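Observations on chain architecture
Each chain is listed here by its residues.
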Amino acid sequence: MPKSQQRVLIAKPGLDGHDRGAKVIARALRDAGFEVIYTGLRQTPEMVAEAALQEDVDAIGLSILSGAHMALVPKLMALLEAQGQTDVPVLLGGIIPDQDVPALNEMGVASVFGPGTETGAVIKAFRTAIESADRGH
Amino acid sequence: MGLVDRALDGDRLALARLVSEIEDESPAGDAALGELFPHTGRAHLVGVTGGSGTGKSTLVNQLALKIRSVQGNGYPKKVAIVAVDPSSPFSGGAILGDRIRMRDLAGDSGIFIRSMASRGALGGLARRTRSVVQVLDACGYDLILIETVGAGQSEVEIASTAHTTIVVDSPGLGDEVQAIKAGILEIADILVVNKADLPDAPKAVMALRMALELGYPKGAANRLQDGQAEPVATPSIWTPPLLETIATRGEGIEPLVRAIDGHRDYLIASGEIEARQRGRVRAEMDHLLRDQLAVDFLSARGEDAYQKAIERVLARELSPRQAVQSIIRGAPEGR
């Protein structure tokens with residue numbers, strides 16, 4: 001029997017066009033054996049939530065470098081909750097000031113990564129977040 | 001309510017989670033498939049295949065947009081998209097990027113998009129693509145677009161999965177001999193030259209037209225000479241229309257939608273739809289039978305015997321075929 005394969009969404013909400021970080025992470029996750037649904041640039045929170053729902057992902061990774069994380073993340077979290085996707089962990093990378101991290105964690109963001117994070121650490125954080133969400137498949 | 005009832009009731013989260021169960025080949029997924037199967041058979045299944053980079057995803061995006069905007073005559077239809085991308089043979093991971101080209105479809109609750117990794121299957125689809133399509137069919141999606149991995153010449157499994165197969169080509173990918181090789185072009189019910197604004201487009205169209213004329217001497221030749229690319233549905237024979245599109249600009253999409261409808265009408269009028277359905281069931285059961293037999297056989301015979309046989313092949317004592325035959329006969333030690 002094939003074991004259940006982990007699927008993650010890598011999305012780039014907001015208006016900046018810098019997707020190199022998202023691509024590096026997507027590639028690293030692929031090489032670690034994840035199926036990565038990559039949505040590309042300029043996603044609205046609605047698009048991210050809907051893609052996560054249709055694809056039934058085990059985790060969502062967001063890349064935000066525009067500084068709009070304090071607007072985008074709460075919106076996404078609210079949508080996920082409304083859709084019944086509270087068991088899908090959200091991880092965030094990009095340019096995130098340290099003082100925002102506690103508030104983001106408070107909103108339910110599982111991990112926040114800044115520039116210079118090793119991809120190995122990111123992969124580990126995805127695995128941990130998925131394990132502790134324990135969606136049972 | 002269980003997942004199956006919720007999905008049948010239009011709950012998209014339940015549908016998505018059911019699809020995962022089926023993709024993972026879990027016992028719960030198999031049971032759900034059994035419950036859902038009586039509800040299948042209503043959707044028209046449209047395959048979109050062709051080489052990588054020919055613009056399949058962009059075309060699927062435009063097709064779905066167009067199909068959702070048409071009114072009357074059974075439209076607008078609910079559209080599901082199943083897009084398959086390859087898994088890495090090394091890590092088993094995959095990057096599923098078809099949604100990048102489908103952002104126009106976000107926000108329409110009449111569209112459901114699911115990306116699938118091929119998970120080692122080589123026919124252009126994943127092992128469970130057929131089953132996933134059945135779930136979407138049962139849950140009321142009228143038209144299901146199935147996008148294959150970027151296909152080379154022999155990824156033709158889509159033809160035994162879809163009712164209507166669209167083969168997408170784009171300029172600059174090969175000469176006329178490519179166009180008459182066996183394989184992918186033979187399975188086309190509709191041929192599309194995408195990126196028709198590129199300088200080499202007339203050459204690609206010409207090569208495909210010549211290939212079509214060889215295969216379908218009358219219909220294709222006559223129809224295409226007067227610049228008409230409309231499909232002709234005579235009850236006896238279908239000649240694949242050759243259409244040009246520029247998917248990035250949404251050009252040529254309406255004739256393509258009409259061609260899909262035309263092919264569907266032809267399948268029904270000619271009775272070929274039943275033959276195709278029979279073929280589809282046969283192909284699916286063949287697959288399942290082979291998979292199941294292999295699993296059962298190996299678990300009954302034991303992994304040890306198999307390993308021993310592998311060692312003997314490595315030692316060049318047996319050919320792989322001899323090794324398999326000796327295992328089946330139950331005499332792995334020798335002839």
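All values derive from a computational prediction rather than experimental measurement. In this convention, every chain numbers its residues from 1, walking through the sequence in written order. Think of it this way: whatever chain is written first is A, whatever ligand is written first is 1, and the rest follow in order. The predicted origin of the model limits local features to residues at a pLDDT of at least 70 and limits the giving and counting of side-chain atom pairs to 80 or more, whereas totals for whole chains, interfaces and linings rest on all residues. Just so you know, side-chain values use all the structure's heavy atoms and leave hydrogens and water out.

Overview of the overall build of chain B
A count of helices and strands for chain B gives 12 helices and 8 strands. We call a residue buried when its accessible area falls under 20% of the maximum for its residue type, exposed when it is over 50%, and partly exposed in between, using a 1.4 Å probe and counting protein chains only. Here chain B, with 335 residues, has 50% of them falling under the buried criterion. Contacts are assigned to residue pairs with any non-hydrogen atoms lying within 4.5 Å of each other. Long-range pairs, those at least 24 residues apart, make up 72% of the contacts in chain B with a sequence separation of at least 6. Note on areas: Shrake-Rupley with a 1.4 Å probe; residue coverage comes only from the protein chains shown. Accessible surface for chain B amounts to roughly 15,900 Å². Of this, 54% is attributable to carbon and sulfur atoms. Helix and strand assignments follow DSSP, with helices taken as H or I runs no shorter than four residues and strands as E runs no shorter than two, numbered in order from the N terminus.

Focus: the sheet that holds strand β6 (residues 164-169) of chain B
All names here are of chain B. By this definition, two strands are paired if DSSP reports at least two bridges between them. Read from one edge to the other, the open sheet built from 7 strands follows the order β4-β2-β5-β1-β6-β7-β8, with strand pairing classed as parallel. The sheet is open, and its two borders are formed by β4 (111-117) and β8 (242-244), each paired with just one other strand. Within the sheet, the average angular offset between the axes of one strand and its neighbour, ignoring direction, is 20°. Axis angles are defined between N-to-C directions and span 0 to 180 degrees, where every axis is a line fitted to C-alpha atoms and, for a helix, only to the segment in contact.

A few points about the interface of chain B and chain A
Taken residue by residue, the interface counts 27 residues in chain B and 34 residues in chain A. Summing both sides of the interface, chain B and chain A together bury roughly 2,500 Å²; the carbon and sulfur share of this comes to 48%. Here, a salt bridge means any Lys or Arg side-chain nitrogen found within 4 Å of an Asp or Glu carboxyl oxygen. Connecting chain B to chain A are 7 salt bridges. Put simply, A:Asp87 and B:Arg17 hold a salt bridge, and the shortest N to O gap is 3.2 Å. Under the rule applied, a polar contact is a pair of N or O atoms within 3.5 Å (in protein, one hydrogen donor and one hydrogen acceptor; residues adjacent in sequence only if both atoms are side-chain atoms). Counting every contact that joins chain B to chain A gives 20 residue pairs in polar contact (both at pLDDT 80 or more). When contributions to the side of chain B that touches chain A are tallied by element, the ones reaching two or more residues are α2 (12-23), β3 (94-96) and β4 of chain B. It is α2(B) that provides the largest number of residues to the side of chain B that touches chain A, a total of 7 residues. Amino acids outside the nonpolar list (Ala, Val, Leu, Ile, Met, Phe, Trp, Tyr, Cys, Pro) and the charged list (Asp, Glu, Lys, Arg) are all regarded as polar, and Gly is one of them. The residue makeup of the side of chain B that touches chain A, split by class, is 11 nonpolar, 6 polar and 10 charged. Strand direction decides the pairing type here: strand β2 (residues 35-38) of chain A and β3(B), joined by 3 bridges, are parallel. Paired with A:Glu35 across the bridge in β3(B) is B:Ala94. Simply put, the buried area is the total loss of 1.4 Å probe accessible area from both parts when two parts are fitted together.

As for the packing of aromatic side chains
Residues and elements named next belong to chain B. Here the aromatic set is Phe, Tyr and Trp, taking the six-membered ring for Trp, and pairing holds for ring centres within 6.5 Å; pairs whose planes are under 30 degrees apart are stacked, those over 60 apart are edge-to-face, and all others are tilted. Taken as a whole, this structure holds 2 aromatic pairs over all chains when the rule is applied. A centroid spacing of 5.5 Å and a plane angle of 35° characterise the contact between tryptophan 238 and tyrosine 266, whose relative ring orientation is tilted. Residue tryptophan 238 is located in the loop between α8 (219-225) and β8, and its partner tyrosine 266 is located in helix α9 (residues 253-270); the two are separated by 28 residues in the primary sequence. The class for tryptophan 238 is buried, based on a relative accessible area of 6%. Think of it as a cone above the ring: NZ of Lys or CZ of Arg counts as a charge over the ring if it is within 6 Å of the ring centre and within 35 degrees of the ring normal. Sitting above the plane of the tyrosine 141 ring, lysine 78 keeps its charged end 4.6 Å from the centroid.

Looking at the environment of A:Glu55
Here A:Glu55 lies in helix α2 (residues 45-55). Residues A:Glu55 and A:Val8 lie 47 residues apart in sequence; the distance between their C-alpha atoms is 8.7 Å. With sequence-adjacent residues up to four places away left out, A:Glu55 is seen in contact with A:Arg7, A:Ile37, B:Arg99, B:Ile113, B:Arg114 and B:Ser115.

Topic: the pairing of strand β1 (residues 44-50) of chain B
Residue and element names in this part refer to chain B. Summarising burial for β1: 7 of the 7 residues are buried, a large majority. The alternating pattern of β1 places His44, Val46, Val48 and Gly50 and Leu45, Gly47 and Thr49 on opposite faces, both of which are buried. When β1 meets strand β5 (residues 143-147), the two strands line up parallel, connected through 5 bridges. Looking at the pairing, valine 48 lines up with glutamate 147 of β5. Here 5 bridges tie β1 to β6, and the two strands are oriented parallel to one another.

Things to note about unusual backbone geometry
Residue and element names in this part refer to chain B. Positive phi, normally seen in glycine, also occurs at arginine 119, with a value near 50°. Its place among the elements puts arginine 119 in the loop between β4 and α5 (129-138). Backbone geometry places arginine 316, a non-glycine residue, at a positive phi of 65°. Following the sequence through the fold, arginine 316 ends up in the loop between α11 (303-314) and α12 (320-328). Under the relative-accessibility criterion, arginine 316 is labelled exposed at 71%.

A few points about the sheet that holds strand β5 (residues 109-113) of chain A
Backbone-to-backbone hydrogen bonds pair the strands of a sheet. The strands run either parallel or antiparallel. Strand order in the open sheet formed by 6 strands is β5(A)-β4(A)-β3(A)-β1(A)-β2(A)-β3(B), and the pairing between neighbours is parallel. Each edge of the open sheet is held by one strand with a lone partner, namely β5 of chain A together with β3 of chain B. Adjacent strand axes in the sheet meet at a mean angle of 20° when their direction is disregarded. The pairing of strand β4 (residues 90-94) of chain A with β5(A) spans 4 bridges and is classified as parallel. Note on β5(A): the bridge partner recorded for A:Leu92 is A:Val112. With respect to the sheet, α2(A) is in contact with β1 (7-11), β2 and β3 (59-64) of chain A, its orientation differing from that of β1(A) by roughly 165°.

Interpretation note: all reported values are geometric properties and have no functional meaning in isolation.
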